[in-house]
Amino acid sequence: MTAATTRAAAKNRGTHTLGRSQDELQDLVRHAGAELELAPAENIIEWAVATFGERFCVTSSMGDAVLADIAAKVAPGIDVVFLDTGYHFIETIGTRDAVEATLPVNLITITPKQTVAEQDATHGKDLFARDPDKCCALRKVQPLEDALADYDAWATGLRRAETHNRVIAPVIGWDAKKGKVKVSPLARWSDEDVERYVVENGVLVNPLQYDGYPSIGCWPCTRRVAEGEDARSGRWAGTGKTECGIHA
Ligand code: SF4
């Protein structure tokens, strides 16, 4: 499917070209949240596509293509947003390219305002080592907020089983910071559920997953984890930081 075709398919999915008010969006969360809590991921994405049309997108960090695969089956041509921080492993960029080449999605790569070199010049070299919160704010949080400006709702692959910080993540939640509906179709999925879906559907997986990186972020802030260690313990290891701020 060409980029033009995927965009056309995306436009044809719905007529919700105008954004809803914050009150209307929060009402939707209240009503749909409980109703969809136990629904299969496919049905959750179907609801989001029917409700928000082209004002709904899926985000992917390219650890795997599970969410993008489900979304592509439900709504071919759907927008899949990938945030290229400039610090990704080459395997992550390769997974992004493979997703774009093989799935019928409209892959949108977004980038921070400054390149890594420009950030080094403005804030000093290797900001991630001195102030990772600021680095994440500049290279992750702000670019995603900017990219979501034209959407009312966004889907994330966040799962409750990933870390104790996420055990209460709702399937349909209100992202007060962004003023958007946050949809987490995989919230209830276990690691085994993900593995089963990958095998049964031949889904693309970032090769680093098979090389000791169960959770993959920027290379300066991600290390291998040992067998039995918490999957996210390799992220910002030794700093006390556990989240980049996107899911705060
Ligand atoms: S994960 Fe590390 S390198 Fe990436 S944006 Fe955050 S601090 Fe910067």
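That block above? That's the structure.
Residues numbered from 1 in each chain as written. Predicted model: local features only at pLDDT ≥ 70, side-chain atom pairs only at ≥ 80, totals over all residues. Heavy atoms only, no water.

For the rest of this paragraph, the subject is the overall build of the protein chain. For the protein chain, the helix and strand inventory stands at nine helices and six strands. Computed over C-alpha atoms, the radius of gyration of the protein chain comes to 18 Å, within 12% of the 18 Å expected from 2.2 N^0.38 for 248 residues, which places it in the range of a compact globule. Across the 248 residues in the protein chain, those meeting the buried criterion constitute 50%. Summarising the internal contacts of the protein chain: among those between residues at least 6 apart in sequence, 71% fall at separations of at least 24. Just so you have it, the protein chain exposes about 11800 Å², and 53% of that area is on carbon and sulfur atoms. A distance of 4 Å separates the average location of the 28 positive side-chain charges in the protein chain from that of its 36 negative side-chain charges. (Helix = DSSP H or I, 4+ residues; strand = E, 2+ residues; numbered from the N terminus. Rg over C-alpha atoms; globule rule 2.2 N^0.38 Å. Buried < 20%, exposed > 50% of the residue type's maximum accessible area, 1.4 Å probe, protein only. Contact = heavy atoms within 4.5 Å. Areas by Shrake-Rupley, 256 points an atom, 1.4 Å probe, with all protein chains shown as cover. Lys, Arg positive; Asp, Glu negative; His and termini not counted. Charge placed at Lys NZ, Arg CZ, Asp CG, Glu CD.)

So, about empty space enclosed by the protein. Per the stated rule, a full pass over the model turns up one cavity of 30 Å³ or more. Within this model, the largest cavity holds a volume of roughly 100 Å³. In this structure, the largest cavity is lined by 14 residues; those nearest its centre are Cys135, Cys136, Lys140, Cys218 and Cys221. Ranked by the residues each element gives to the lining of the largest cavity, the list is headed by helix 8 (residues 132-147), at five residues. Within the lining of the largest cavity, the residues separate by chemical class into nine nonpolar, two polar and three charged. (1 Å grid on protein atoms, 1.4 Å probe; cavity = no way out; pocket = protein on both sides within 12 Å on 5 of 7 lines; lining within 4 Å. Points joined across faces, edges and corners; volume = space filled by probe spheres on them. Nonpolar A, V, L, I, M, F, W, Y, C, P; charged D, E, K, R; others polar.)

So, on to the sheet that holds strand 5 (residues 172-175). With mixed pairing, the six strands of this open sheet are ordered in space as 3-2-1-4-6-5. Each end of this open sheet is capped by a strand with a single partner; those strands are strand 3 (106-110) and strand 5. Put simply, the sheet's adjacent strands are angled 30° from each other on average, direction ignored. Here two bridges tie strand 1 (residues 56-59) to strand 2 (residues 79-83), and the two strands are oriented parallel to one another. Its bridge partner being in strand 2, Val58 is matched across the sheet by Val80. (Pairing = 2+ DSSP bridges. Axes fitted to C-alpha atoms, helices over the stretch in contact; angles between N-to-C directions.)

Here we come to helix 5 (residues 90-102). Here helix 5 is 13 residues long and its end C-alpha atoms lie 18 Å apart, about the 18 Å a rise of 1.5 Å per residue gives. Burial in helix 5 covers these residues: Thr92, Ile93, Thr95, Arg96 and Val99. The arc that holds every buried residue of helix 5, seen down its axis, measures 155°, which confines them to one face. Away from its buried face by more than 90 degrees, helix 5 exposes Ile90, Ala101 and Thr102. Taken together, the buried residues of helix 5 touch strand 2 and strand 3. (Expected span 1.5 Å × (residues − 1). Arc of directions from axis to C-beta.)

As enumerated under the stated definition, the model contains six aromatic pairs in all. Between the aromatic rings of Phe128 and Trp219, the centroid separation amounts to 6.4 Å while the plane-to-plane angle is 65°, which identifies the pairing as edge-to-face. Residue Phe128 is found in helix 7 (residues 127-130), and its partner Trp219 is found in the segment after helix 9 (191-201); the two are separated by 91 residues along the sequence. Judged by its relative accessible area of 46%, Trp219 is partly exposed. What links up through ring pairs into an aromatic cluster is the set Tyr87, Phe128 and Trp219. (Phe/Tyr/Trp six-rings, centres within 6.5 Å; stacked < 30°, edge-to-face > 60°.)

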